[in-house]
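Now for the letters of each chain:
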Amino acid sequence: MAHKIEIMETVLRDAHQCLVATRMRTEDMLPIAAHLDDIGYWSLEAWGGATFDATLRYLKECPWERLRKLRAAMPKTRLQMLMRGQNVVGYKNYPDDIVQAFVTRSAANGVDVFRIFDAMNDIRNMKTAIEAALKTGKLVEGAVCYTISPVHSADYFLGVAEKLAEMGVDLICLKDMAGMLAPYAAHDIIKKIKSRIALPLHLHSHCTAGLAPMSYMMAIEAGADILDTASAPFSQGTSQPATEQVVAALKDTPYDTGLDLGKLGKIADYFYGVRRNYAEFESPVNNQIKTDVLTSQVPGGMLSNLVAQLRQQKAEDKLDAVLAEMPHVRKDLGYPPLVTPTSQIVGSQAALNVMTGKRYSVVAMETRNYVMGLYGEPPGPVSDEMKKMILGKKEPITCRPADLLKPGLDQARKDAGSLATSEEDVLSYALFPEIAKEYFLHRELS
């Protein structure tokens with residue numbers, strides 16, 4: 001069934017997260033906002049993911065303020081955010097009351113589409129976020145994280161998608177965060193999902209291994225409805241295929257996006273200028289096609305961070321060794337898909353294994369919590385000897401991890417005190433206490 005393909009533009013979120021370490025400032029987004037609003041994208045990804053943390057931590061900007069400004073500047077286009085289920089926009093599970101309040105305030109401040117995922121594809125970790133987002137009346141995309149391993153098959157991904165559909169999501173997203181989805185696998189999985197689930201399917205991928213443009217074409221043939229692309233200056237490499245490339249490829253076909261290449265060209269001219277402002281955050285690694293991602297499975301945003309971490313330790317020469325160690329750690333941990341926070345857990349543990357020269361002689365707290373079940377259920381089994389080595393005599397939990405958490409919003413409100421001047425500030429504090437506090441103090445002085 002040929003049909004118009006819709007486009008989600010990622011230049012304001014994932015594209016700069018992947019290529020310039022999430023550093024794009026709001027002031028570089030606003031001058032082009034009216035032009036972006038005029039294109040006719042299905043949605044514009046503008047919030048969530050690592051932008052929340054980076055805005056507070058590095059740019060000393062309020063993420064909520066960014067959302068409101070973008071909303072005001074782009075009244076016609078849906079604004080989309082990426083949310084890590086129970087991890088919200090952080091790196092650990094938060095109590096249900098914080099998750100619910102965050103979703104409610106995000107919708108009130110301008111989010112129209114919530115893409116919700118869990119790094120482990122553990123539906124229990126997505127439930128609270130999905131239910132809260134459905135309550136707001138906004139669109140909810142349930143995301144299935146794609147990965148390659150002996151325990152992940154087309155049927156496995158279909159099973160996750162079916163559970164999401166049962167929860168009442170509006171769309172299914174196949175989320176290929178590391179750019180590993182090959183063309184025929186894309187066709188196979190999407191055909192399977194579309195034949196069983198009558199919801200629009202949204203595909204997200206990266207060009208890390210150079211596969212995404214081909215996989216997008218096969219996905220279209222299999223019935224995908226929406227594709228994630230990035231304005232040319234922030235496309236390719238560890239980012240998405242270029243918007244212009246996809247629009248041009250589908251022009252005058254039954255799949256024609258209907259978007260205007262001339263207008264897209266003006267937007268690209270603007271962003272070529274913007275990208276030059278962030279040269280210091282460029283990493284050549286992020287602009288190469290490397291099929292070794294199929295082995296290391298490192299997502300784009302994590303690669304730039306891993307390089308930065310090793311640089312701090314004066315150990316950048318160990319990058320290849322750490323990347324080679326990652327598949328071993330991942331196998332030991334039951335093949336989690338590598339996306340925040342599991343990518344960081346596997347990456348940090350691999351780095352420790354390489355730096356100490358002895359596997360698991362030093363075990364990171366996060367690795368211990370992961371094996372404990374505090375991040376959810378691993379997709380594959382973790383061996384008994386591994387559990388014993390990491391947990392000693394302790395037994396992993398079997399309940400939903402967030403069931404162990406006490407409500408946290410009132411406590412955050414108390415702790416933030418007069419530094420928080422709004423409910424949004426309280427949420428920033430609840431998610432990132434130290435970083436939010438630093439930002440609030442900076443705000444008072446400026």
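Our subject is the structure listed above.
Predicted, not measured: the structure shown is a model, and the values here were computed from it. (Residues numbered from 1 in each chain as written. Predicted model: local features only at pLDDT ≥ 70, side-chain atom pairs only at ≥ 80, totals over all residues. Heavy atoms only, no water.)

> Requested: an account of the overall build of the protein chain, with residues and values cited.
Of the regular secondary structure elements, the protein chain holds 20 helices and 8 strands. The C-alpha atoms of the protein chain give a radius of gyration of 21 Å, which matches the 22 Å a tight globule of 446 residues would have. In the protein chain, the share of contacts with a sequence separation of at least 24, taken over all contacts with a separation of at least 6, comes to 75%. Carbon and sulfur atoms make up 53% of the accessible area of the protein chain, which amounts to about 17,700 Å² in all. Put simply, the protein chain has 50 plus and 54 minus side-chain charges, and the middle of one group is 3 Å from the middle of the other. (Helix = DSSP H or I, 4+ residues; strand = E, 2+ residues; numbered from the N terminus. Rg over C-alpha atoms; globule rule 2.2 N^0.38 Å. Contact = heavy atoms within 4.5 Å. Areas by Shrake-Rupley, 256 points an atom, 1.4 Å probe, with all protein chains shown as cover. Lys, Arg positive; Asp, Glu negative; His and termini not counted. Charge placed at Lys NZ, Arg CZ, Asp CG, Glu CD.)

> Now, about the nonpolar core: what can you tell me, with residues and values included?
Ranked by size, the top nonpolar core spans 105 residues in total, and within it L12, M83 and F102 carry the most contacts. If near-sequence neighbours (up to four positions away) are discounted, M83 is found in contact with V88, V99, F102, V103, F114, R115, I116, F117 and A129. Ranked by size, the runner-up nonpolar core spans 30 residues in total, among them M120, Y370, M386 and L391. (Core = buried A, V, L, I, M, F, W, Y, C linked by side-chain atoms within 4.5 Å. Buried < 20%, exposed > 50% of the residue type's maximum accessible area, 1.4 Å probe, protein only.)

> Give a description of the pairing of strand β7 (residues 201-204) that names residues and reports values.
Where burial is concerned, the two faces of β7 agree: the one with L201 and L203 and the one with H202 and H204 are both buried. Of the crossover connections in this fold, the one passing from strand β6 (residues 171-175) over helix α8 (residues 183-196) to the parallel β7 is right-handed. Taken together, the 2 bridges between β7 and strand β8 (residues 226-229) define a ladder with parallel strand orientation. By the bridge assignment for β8, H202 is matched with I226. (Right-handed = clockwise from strand over helix to strand, strands pointing away. Pairing = 2+ DSSP bridges.)

> So what about the sheet that holds strand β5 (residues 139-145)? Which residues, and what values?
The pairing of strands in a sheet happens through backbone hydrogen bonds and is either parallel or antiparallel. Pairing is parallel in the closed barrel, where 8 strands are placed in the order β1-β2-β3-β4-β5-β6-β7-β8. Put simply, the sheet's adjacent strands are angled 30 degrees from each other on average, direction ignored. The sheet contact formed by β6 and β7 spans 4 bridges and is parallel. Pairing of K175 across the sheet is with H204, part of β7. (Axes fitted to C-alpha atoms, helices over the stretch in contact; angles between N-to-C directions.)

> For the packing of aromatic side chains, give the residues involved together with the corresponding values.
Within this structure, the stated rule accounts for 14 aromatic pairs. Geometrically, the ring pair formed by W47 and F102 is stacked, given 5.8 Å between the ring centres and 10 degrees between the ring planes. Separated by 55 residues along the polypeptide, W47 in strand β2 (residues 43-48) and F102 in helix α5 (residues 96-109) bring together distant segments of the chain. The pair W47 / F102 is uniform in exposure class, with both members buried. Measuring from ring centre to ring centre gives 5.4 Å for Y156 and F157, while their planes differ by 85 degrees; the resulting arrangement is edge-to-face. Under the relative-accessibility criterion, Y156 is labelled partly exposed at 22%. For F157, a relative accessible area of 1% corresponds to the buried category. (Phe/Tyr/Trp six-rings, centres within 6.5 Å; stacked < 30°, edge-to-face > 60°.)

> Can you lay out the packing of helix α14 (residues 319-332) against helix α15 (residues 342-356) for me, pointing to particular residues and giving the numbers?
Their axes nearest at 8 Å, the elements α14 and α15 cross at an angle of 115 degrees. In this structure, α14 meets α15 at a crossing whose hand is right-handed. Of α15, the residues touching α14 (which contributes A321, V322, E325, M326, V329 and R330) are S343, V346, G347, Q349, A350, A351, N353 and V354. Classifying every residue of the contact of α14 with α15 gives 8 nonpolar, 4 polar and 2 charged. (Left-handed = near helix turned anticlockwise from the far one by under 90°. Nonpolar A, V, L, I, M, F, W, Y, C, P; charged D, E, K, R; others polar.)

> Residues and numbers for the environment of R275, please.
Here R275 shows up in helix α11 (residues 261-276). For R275, a relative accessible area of 12% gives the class buried. Remark: the alpha-carbon pair of R275 and L19, spanning 256 residues in sequence, is separated by 9.4 Å. Discounting residues that sit within four places of it in the chain, R275 has contacts with L19, P233, F234, E282 and N287.

> Explain the pattern of salt bridges to me, using residue names and the numbers behind them.
By the definition in use, this model includes 27 salt bridges. Note that D112 is salt-bridged to R71, the shortest N-O span being 2.5 Å. Linking D112 in the loop between α5 and β4 (113-116) with R71 in helix α4 (residues 63-73), this pair joins segments that are 41 residues apart in sequence. With respect to class, D112 is no different from R71; both count as buried. Close ionic contact of E162 with R196 constitutes a salt bridge, the shortest N to O distance being 3.0 Å. Highlighted residues: E162 in helix α7 (residues 154-166) and R196 in helix α8, separated in sequence by 34 residues. With relative accessibility at 54%, the residue R196 sits in the exposed group. (Salt bridge = Lys/Arg side-chain N within 4 Å of Asp/Glu carboxyl O.)

> Go over the pairing of β8, please, and point to the residues and values.
On β8, burial covers both faces: I226 and D228 on one face and L227 and T229 on the other are all buried. Examined bridge by bridge, strand β1 (residues 6-9) and β8 share 4 bridges and lie parallel to one another. The partner of M8 across the bridge, within β8, is D228.

> Explain the packing of α5 against helix α6 (residues 127-135) to me, and be specific about the residues and the numbers.
Contact geometry of α5 with α6 gives a least axis separation of 9 Å together with a crossing angle of 35 degrees. Between α5 and α6 lies a crossing whose hand is right-handed. For the pair α5 and α6, contact is made by D96, V99, Q100 and V103 and by T128, A129, A132 and A133, respectively. A breakdown of the residues in the contact of α5 with α6 according to their chemical character gives 5 nonpolar, 2 polar and 1 charged.

> Let's hear about the environment of S296: which residues, and what values?
Looking at the secondary structure, you find S296 in helix α12 (residues 293-296). Owing to a relative accessible area of 8%, S296 belongs among the buried residues under this scheme. Residues contacting S296, with those up to four places away along its chain left out, are L323, M326, P327 and L338.

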